[in-house]
Amino acid sequence: MVMDLLAKIEKEMPTFSKGQKLIGKYITEHYDKAAFMTASKLGETVGVSESTVVRFATEVGFDGYPQLQKNLQEIIRNRLTTVQRMNIIDGQMGTNADILTKVLTFDSEKIRRTIDETSRKDFSEAVDTLVSCRDIYILGIRSSSILANFLSFYFNHIFARVHSVSTSTASEVFEQMLRIGEGDVLVAISFPRYSQRTLKAARYAKSRGATVIAITDSTSAPLAEVADLLLLARSDMASFVDSLVAPLSLINALIVAVGLKKKDEIAQTYSTLESIWDEYNVYEKTDGTGREAK
């Protein structure tokens, strides 16, 4: 935990060299900024060499600077205020940055890391559990509600008993999950800044014997401790806006995988839906060029 790291730095400060003391002082006072600096940038900021920064990381118990940086990032993302996020993005983007290229590059990197870090075993088990369960409850709060709504929209086409948990008030969450129990699944979605209500709901579902599938960003995220199956998607913020690209891609993969398991049923469902959509003119008909078909 970051506070353990800060406490360790404070405790060992008297044993550090002059350069290491400068690094330690800066990290303890500005850990929100240090977490997103390269070793070179941190060294330049405090007036020491990059190699001194790397040695400092080793001195406080890490294999190298990237591990120290990751330790800070994993914990503080849930603590950053919107103002702090704005300050960080100013430093990352620069004055004359190509914002489009930088943000899309950041997002593509999050997808790459998600591919590397998500457990194939947990993903496969999550698919099998969803296909064989009784009822499915889906919960996401604040920005995560966008992901929950997307998942609910498609799961309602695939499954007969899907409950999209409304999150207007804390009491509503538990009222709608009143009957959750053994044989049911809660898909809980939470990304920084983590919602306390989502964590409490996951604990409640688990206490009732339901299986908890957590979609979150880290093994140190609050949901990870209660999850039966953990699906990780990187959402490291590139700005004051939460990046939901990798989480949405993971959810898309989950929908596709479940759909392939139930393809015969889904084919029949969509055949019926197409008839309904045609009858009630749900979708605009075009001739392939964007013009309305005659």
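About the cut-offs
Residues numbered from 1 in each chain as written. Predicted model: local features only at pLDDT ≥ 70, side-chain atom pairs only at ≥ 80, totals over all residues. Heavy atoms only, no water. Helix = DSSP H or I, 4+ residues; strand = E, 2+ residues; numbered from the N terminus. Contact = heavy atoms within 4.5 Å. Areas by Shrake-Rupley, 256 points an atom, 1.4 Å probe, with all protein chains shown as cover. Patch = residues over 30% accessible without salt bridge, like charges linked within 9 Å, V, L, I, M, F, W, Y side chains within 5 Å. Salt bridge = Lys/Arg side-chain N within 4 Å of Asp/Glu carboxyl O. Buried < 20%, exposed > 50% of the residue type's maximum accessible area, 1.4 Å probe, protein only. Core = buried A, V, L, I, M, F, W, Y, C linked by side-chain atoms within 4.5 Å. Arc of directions from axis to C-beta. Polar contact = N/O pair within 3.5 Å; in protein donor to acceptor, adjacent residues only side chain to side chain. Phe/Tyr/Trp six-rings, centres within 6.5 Å; stacked < 30°, edge-to-face > 60°.

Comments concerning the overall build of the protein
Step number 1: A tally of helices and strands in the protein yields 14 helices and five strands.
Step number 2: Taking the intrachain contacts of the protein between residues at least 6 apart in sequence as the baseline, contacts between residues at least 24 apart amount to 68%.
Step number 3: Split by element, the accessible area of the protein, about 15,800 Å² in all, is 52% carbon and sulfur.

Some points on a nonpolar patch on the surface
Step number 1: Taken together, the side chains of Ile276, Tyr280, Val282 and Tyr283 define a hydrophobic patch exposed on the protein surface, amounting to about 440 Å² of accessible area.
Step number 2: Inspection of the secondary structure assignment puts tyrosine 280 in the segment after α14 (263–279).
Step number 3: Owing to a relative accessible area of 58%, tyrosine 280 belongs among the exposed residues under this scheme.

Observations regarding the nonpolar core
Step number 1: If you look at the biggest cluster of nonpolar residues, it comprises 32 residues, and the most contacted ones within it are Leu130, Phe155, Val187 and Ile215.
Step number 2: Mapped onto this core, the elements with two or more residues apiece are α9 (120–132), β1 (136–140), α10 (144–158), β3 (185–189), β4 (211–216), β5 (229–232) and α13 (245–261).
Step number 3: Per-element accounting of this core gives the leading share, seven residues, to α13.
Step number 4: With sequence-adjacent residues up to four places away left out, phenylalanine 155 is seen in contact with Leu130, Ile136, Ile138, Val162, Ile255 and Val258.
Step number 5: Counting residues in hydrophobic clusters, the runner-up holds 24 residues, among them Ala39, Phe62, Leu68 and Leu72.

A look at helix α4 (residues 39–46)
Step number 1: When we look at burial in α4, the residues that qualify are Ala39, Leu42, Gly43 and Val46. Taken down its axis, α4 places every buried residue within 100° of arc, on the same side.
Step number 2: Count one or two residues on from α4 and you reach glycine 47, which has phi positive near 90°.

Thoughts on the side chain of aspartate 184
Step number 1: Examined against the element boundaries, aspartate 184 turns out to sit in the loop between α11 (170–176) and β3.
Step number 2: For aspartate 184, a relative accessible area of 2% corresponds to the buried category.
Step number 3: For aspartate 184, the side chain forms a polar contact with the side chain of arginine 134, separated by 2.8 Å.
Step number 4: At 2.9 Å, the side chain of aspartate 184 forms a polar contact with the backbone nitrogen of glycine 181.

Some thoughts on the pattern of salt bridges
Step number 1: Applying the stated criterion across every chain, the model contains 14 salt bridges.
Step number 2: Where aspartate 184 meets arginine 134, a salt bridge forms, and the shortest distance between an N and an O atom there is 2.8 Å. Residue aspartate 184 is found in the loop between α11 and β3, and its partner arginine 134 is found in the loop between α9 and β1; the two are separated by 50 residues along the sequence.
Step number 3: Of the residues examined, arginine 134 reaches a relative accessible area of 48% and is grouped as partly exposed.
Step number 4: Lysine 206 is the partner of aspartate 228 in a salt bridge, and the nearest nitrogen-oxygen pair spans 2.7 Å.

Some points on the environment of leucine 250
Step number 1: Relative to the assigned elements, leucine 250 resides in helix α13.
Step number 2: The spatial distance from the C-alpha of leucine 250 to the C-alpha of leucine 231 is 8.2 Å, given a sequence separation of 19 residues.

Some points on the packing of aromatic side chains
Step number 1: Tallied over the entire structure, the rule returns five aromatic pairs.
Step number 2: Pairing phenylalanine 16 with phenylalanine 56 gives two aromatic rings, centres 5.3 Å apart and planes at 70°, and the pair type is edge-to-face. Of the two residues, phenylalanine 16 sits in the loop between α1 (2–12) and α2 (18–29) while phenylalanine 56 sits in helix α5 (residues 50–59), which places them 40 residues apart along the sequence. Exposure class is identical for phenylalanine 16 and phenylalanine 56. Each is buried.
Step number 3: On the basis of an interplanar angle of 75° and a centroid distance of 5.1 Å, the ring pair of phenylalanine 155 and phenylalanine 159 is categorised as edge-to-face.
Step number 4: A relative accessible area of 0% means that phenylalanine 155 is categorised as buried.
Step number 5: Its relative accessible area of 11% is what places phenylalanine 159 among the buried residues.
Step number 6: Through pairs of rings, three or more aromatic residues link up here, namely Phe150, Phe153 and Tyr154.

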